[in-house]
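Fold and geometry: a report
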Amino acid sequence: MSKVPYEVYTEEVEALSVLSPDGEIINKDKLPKLTDDQLKEIMYRMVFTRTWDDRAVNLGRQGRLGFYAPVSGQEATMIGSEYALQKEDFIAPGYRDIPQIVWHGLPLYQAFLYSRGHQHGGQVPDGVNVLMPQIIIGAQILHAMGIAMGFKLKKQKQVAITYTGDGGSSEGDFYEGLNYAGVYKLPVIFFVQNNGYAITTPFSKQTAALSIAHKAVAAGIKGVKIDGMDVLAVIKAVQEAAERGRNGEGATLIEAVTYRFRPHSLSDDASKYRSKEEEGEWNAKDPIARFAKYLEKKGLWTEEDTARVKEEAKAKVNEEIKKAEKTEKMTISGLIDSMFESTPKHLEEQKADFK
Amino acid sequence: MAQMNMKEAIRDALRVELKRDPNVLLFGEDVGHVGGVFRATEGLQKEFGEERVFDTPLAESAIGGLAVGLGVQGFRPVAEIQFVGFIFEALDQMAIQASRMRYRSGGRYNSPIVFRTPFGGGVKAAELHTDSLEGLLAQTPGIKVVVPSNPYDAKGLMIAAIRDNDPVFFMEHLNLYHAFRAEVPEDDYTVELGKANVVREGSDVTIITYGLMVHTSVKAADELEKTKGIKVEIIDLRTVSPIDIDTIVASIQKTNRAIVVQEAQKSSGVAAEVIAQINEKAILHLEAPVLRVAGPDTVYPFAQIEDTWLPTPTRIIDAVNKVLEF
Ligand SMILES: Cc1ncc(C[n+]2csc(CCOP(=O)(O)OP(=O)(O)O)c2C)c(N)n1
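About the cut-offs
Residues numbered from 1 in each chain as written. Chains lettered and ligands numbered in written order. Predicted model: local features only at pLDDT ≥ 70, side-chain atom pairs only at ≥ 80, totals over all residues. Heavy atoms only, no water. Helix = DSSP H or I, 4+ residues; strand = E, 2+ residues; numbered from the N terminus. Rg over C-alpha atoms; globule rule 2.2 N^0.38 Å. Buried < 20%, exposed > 50% of the residue type's maximum accessible area, 1.4 Å probe, protein only. Contact = heavy atoms within 4.5 Å. Lys, Arg positive; Asp, Glu negative; His and termini not counted. Charge placed at Lys NZ, Arg CZ, Asp CG, Glu CD. Pairing = 2+ DSSP bridges. Right-handed = clockwise from strand over helix to strand, strands pointing away. Axes fitted to C-alpha atoms, helices over the stretch in contact; angles between N-to-C directions. Buried area = accessible area lost by both parts, 1.4 Å probe. Salt bridge = Lys/Arg side-chain N within 4 Å of Asp/Glu carboxyl O. Near = heavy atom within 4 Å. Polar contact = N/O pair within 3.5 Å; in protein donor to acceptor, adjacent residues only side chain to side chain. Areas by Shrake-Rupley, 256 points an atom, 1.4 Å probe, with all protein chains shown as cover. Nonpolar A, V, L, I, M, F, W, Y, C, P; charged D, E, K, R; others polar. Core = buried A, V, L, I, M, F, W, Y, C linked by side-chain atoms within 4.5 Å. Expected span 1.5 Å × (residues − 1). UniProt positions renumbered as here; feature names shortened; annotations may be inferred. Domains from an automatic or database assignment. Parallel < 35°, antiparallel > 145°, perpendicular 65-115°, else oblique. Left-handed = near helix turned anticlockwise from the far one by under 90°.

Moving on to the overall build of chain A. Within chain A, the secondary structure is distributed over 13 helices and 7 strands. At 21 Å, chain A has a C-alpha radius of gyration in line with the 20 Å of a compact globule built from 355 residues. Across its three principal directions, the C-alpha atoms of chain A cover 70 × 50 × 40 Å. Within the span of chain A, comprising 355 residues, buried residues form 60% of the whole. The long-range share in chain A, meaning contacts at least 24 apart out of those at least 6 apart in sequence, stands at 74%. Of the side chains in chain A, 46 bear a positive and 50 a negative charge, and the two mean positions are spaced by 2 Å.

Let us now look at the pairing of strand β10 (residues 205-209) of chain B. Residue and element names in this part refer to chain B. Of all 5 residues making up β10, 5 are buried, and the element is well covered by its neighbours. In β10, alternate side chains face the same way, and those of V205, I207 and T209 on one face and T206 and I208 on the other are all buried. With 5 bridges connecting them, β10 and strand β11 (residues 232-236) associate as parallel partners. Bridging across to β11, T206 finds its partner in E233. After leaving β10, the chain enters helix α7 (residues 213-228) and then returns to the sheet as β11, a path that is right-handed.

So, about the sheet that holds strand β3 (residues 188-194) of chain A. Residue and element names in this part refer to chain A. With respect to topology, 5 strands assemble into an open sheet ordered β1-β2-β3-β7-β6, the strand pairing being parallel. A strand with exactly one partner marks an edge of an open sheet, and here the two such strands are β1 (90-92) and β6 (222-227). Direction aside, the axes of adjacent strands within the sheet are offset by 20° on average. Relative to strand β7 (residues 252-257), β6 runs parallel, the two being bridged by 6 bridges. Considered in β7, the bridge of D227 is made with V257. Helix-sheet contacts for helix α2 (residues 75-83) involve β1, β2 (160-165), β3 and β7, and the interaxial angle to β3 is about 165°. Contacts from helix α8 (residues 231-246) reach β2, β3, β6 and β7 within the one sheet, and its direction differs from that of β6 by about 165°.

Contact residues are listed per partner, giving 41 residues for chain B and 45 residues for chain A. Carbon and sulfur atoms make up 58% of the surface buried where chain B meets chain A, a total of about 3,500 Å² over both sides. Among the residues of chain B in contact with chain A, Q73, Y103 and R104 of chain B are the three that bury the most area, contributing 20% of the side total. Linking chain B to chain A there are 4 salt bridges. Linking R108 of chain B and D126 of chain A is a salt bridge whose minimum nitrogen-to-oxygen distance equals 3.5 Å.

Turning next to the site of the ligand. Residues and elements named next belong to chain A. For the ligand, the set of nearby residues contains 16 residues, the closest of which are Y95, R96, G167, G168 and Y197. Between the ligand and G168 there is a distance of 2.8 Å, counted from an oxygen atom to a backbone nitrogen or oxygen. Considered on its own, the ligand offers 590 Å² of accessible surface; in the complex 72% of this is hidden by protein. In terms of residue class, the shell around the ligand is built from 7 nonpolar, 5 polar and 4 charged.

By size, the foremost hydrophobic cluster in this structure holds 152 residues, and its most contacted members are W52 and F291 of chain A together with I248 and I278 of chain B. Ranked by the residues each element gives to this core, the list is headed by helix α1 (residues 36-61) of chain A, at 11 residues. Apart from the residues lying within four places of it in its own chain, the contact partners of I278 of chain B are I208, I245, I248, I252, I283, L286 and V290 of chain B. Among the nonpolar cores identified, the runner-up in size contains 53 residues, and M6, V191, M213 and I317 of chain B belong to it.

Turning our attention to the sheet that holds strand β3 (residues 53-55) of chain B. Residues and elements named next belong to chain B. As summarised here, the arrangement of the 7 strands in space is β3-β2-β4-β5-β7-β6-β12, forming an open sheet in which the pairing is mixed. The open sheet has two edge strands with one neighbour each: β3 and β12 (239-241). The sheet shows a mean angle of 20° between the axes of neighbouring strands, direction not considered. Bridging between strand β5 (residues 114-119) and strand β7 (residues 168-173) involves 6 bridges; their strand directions are parallel. Residue pairing in the sheet places F115 in a bridge with F169 of β7.

Here the focus is the pattern of salt bridges. Residues and elements named next belong to chain A. Taken as a whole, this structure holds 48 salt bridges over all chains when the rule is applied. Taking the shortest distance from any N to any O, the salt bridge between E240 and K30 comes out at 3.1 Å. Residue E240 is located in helix α8, and its partner K30 is located in the segment before α1; the two are separated by 210 residues in the primary sequence. For E240, a relative accessible area of 22% puts it in the partly exposed group. We classify K30 as buried; its relative accessible area is 14%.

Helix length check: α1 of chain A (26 residues) gives 38 Å between terminal C-alpha atoms against 38 Å at 1.5 Å per residue, within 8%. Two residues or fewer after α1 of chain A comes G63 of chain A, characterised by a positive phi angle close to 80°.

Below, the discussion takes up the UniProt feature "domain: Transketolase-like pyrimidine-binding" (unreviewed entry) in chain B. The sites that carry the UniProt feature "domain: Transketolase-like pyrimidine-binding" (unreviewed entry) are, in the present numbering, residues 4-179 of chain B. Along residues 4-179 of chain B, the helical share is 39% and the strand share 16%, with 10 Å between the first and last C-alpha atoms.

So, about unusual backbone geometry. A cis amide bond links S241 of chain B with the next residue in sequence, P242 of chain B, at an omega value of 0°. Although it is not a glycine, K155 of chain A adopts a positive phi angle of roughly 55°. Mapped onto the secondary structure, K155 of chain A falls in the loop between α5 (139-153) and β2. Judged by relative accessible area, K155 of chain A falls into the exposed class, the value being 63%.

Quick look at the domain arrangement of chain B now. Residue and element names in this part refer to chain B. For chain B, the domain assignment lists domain 1 (2-184) and domain 2 (197-325). Taken over C-alpha atoms, the centre of domain 1 sits 27 Å from the centre of domain 2. Across the contact, 28 residues belong to domain 1 and 22 residues belong to domain 2. Between domain 1 and domain 2 lies a buried interface of about 1,900 Å² when both sides are counted; carbon and sulfur atoms form 54% of it. Taken as a group, K124, V147 and S149 account for 23% of the area that domain 1 buries against domain 2, more than any other trio of residues on that side. Scanning the region where domain 1 abuts domain 2 turns up 3 salt bridges. Between K124 and D307 there is a salt bridge, with its nearest N and O atoms 3.0 Å apart. The class makeup of the residues in the side of domain 1 that touches domain 2 is 12 nonpolar, 10 polar and 6 charged.

To continue, consider the UniProt feature "domain: Dehydrogenase E1 component" (unreviewed entry) in chain A. UniProt tags residues 45-332 of chain A as "domain: Dehydrogenase E1 component" (unreviewed entry). For residues 45-332 of chain A, the end-to-end C-alpha separation is 37 Å, with 46% helix and 11% strand making up the annotated structure.

All names here are of chain A. As a packed pair, α1 and helix α11 (residues 303-326) sit with axes 8 Å apart at the nearest point and diverge in direction by 50°. For the element pair α1 / α11, the angle class is oblique. As α1 runs across α11, the sense of the crossing is right-handed. When α1 is examined against α11, the residues Y44, V47, F48, T51, W52, R55 and L59 are found in contact with a partner set consisting of T306, V309, K310, E312, A313, K314, K316, V317, N318 and I321. Of the residues assigned to the contact of α1 with α11, the class counts are 9 nonpolar, 3 polar and 5 charged.

Right, here's the structure in full:
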């Protein structure tokens, strides 16, 4: 059995896995407590998200979506980490982290509107604790840190989680956020999805550190490295981090080693910087296939289930994209009115230029 | 009423708001225990506790981002950037994150933040401690930029800024912190953001200015009146974004001549914006072009020659004479 590297210091660490690639439990101690229904729900969400991603790529090609960053391959990190949270916890996502905010309550059609540059996309419904996706790499890390301080000041036992990539872990804001969270002992989880590339730059050119998880040491917070293709490891790590946050034990940095099967965005060509062999190796670690094997062995999931969820997801995506397309267009005067709580006179006057 | 200098007036405003609203938080580098490098927040941590008034680690982007996150949580952060030259480290959080939160979220979240920073020349401070960067921020949509020129305004504008649900960048001139005392009410009152003040009435020419330059302009106006009987009207913008063009136009309708005085470098800044708006709204009332008296377009030369670099009464008088003789 692999050793569990929950404490990260200066040696190379091995990432925590709970499931083997064949869907066998290899780390019983770290198996999260989940009912059969919960296990099925997690699988449902992962299959749904994969289908939605496939559809989104097509919709993008048809010009029906705007900027879209594919997620296939990262379902375990995205779905698992959100599933481990409570509804009251807060999510501050990067631009790729749309599944997390949708499963946390943002209606799917609004995610499509966001992609299409419609500001209603970011108009999160009351009671849904998420921010809209962040384009400036790292900025959201600081927002999560501030939101976590808000929870602490209000004496609420909630946590904030924020996501970035291996590239994002090089930003100054990342270090500033970790450091503040350490100083103020904030209930925040910094979740780095290390998918090996920042656009085209490989991890080896991103940092000379042995792992991103190591960077927690300098901030005086907890750092862990996990297998990001193993949804159960993700859930366990986030559950533990959330519990630490709720108990006043402070922040956690989680590095999840994962892979995105598609290029960085719809306008990139991954074959320019990734080899077929590498892609093949990671395909063999597909988080959905691995989890499916586990569930099939437990008699909780079949191929028919997958097919059924795919159909459901396709229908839902179609419905939601239509809803996005039918949403009234933004107007310049609406845009002008959204700059300030009450529109100053000079802006009122500028509306006249667009009548 | 009490006699206060501008620093005391700002501190008083912060105290009033900390007391009135438990959501107001004050933080930045060194603001807590000692009350900031200028002691502007002195005593406030003692009075309101370390949860409300606190020191941060030395990282400006994080100060800005902390403010944005707390704003989302319903707090009203007053975040200090220790000196103006260090706002660049925080500029993403101020000029991109805070300023467009309302837009990005379709109104779901806002940024009820005040970013405070000392700035302004003539005090022989270190490099990058004094530059006038208000024009840079004024070009940012979604943010208001305030530059008070006296204790009364400073307190009223600060209270208004804290109560405003949009981000306000509040610039405190170093040379005005201790310059003079004035009557300041001890209770709470506001001075409306975006509203200029006619600080001196006149009929011959209008000077539009803000911050320390209000006082330099008053010196020039006194001199012009004494030596030549010229009656200068002086408008203190108080808020450099948005600009109160109505007050300016009303004045120009009366005087038909104007100059704009700013400490900042000449090009593309607040003065240029004022003149552009005058051009749009009052050109037919003008008898002469509107001139600018400003710093030259160089880096700010801290210490050595700042006294000649900054606009002086003499340069202002020259500009006034030019527009009168045009
Ligand atoms: C501050 C900033 N710099 C650069 C970019 C351009 N950019 C967009 S995505 C990206 C790479 C991000 O890589 P990573 O953080 O590893 O996330 P991934 O895309 O792999 O999920 C870059 C450089 C940006 N959006 N923001």
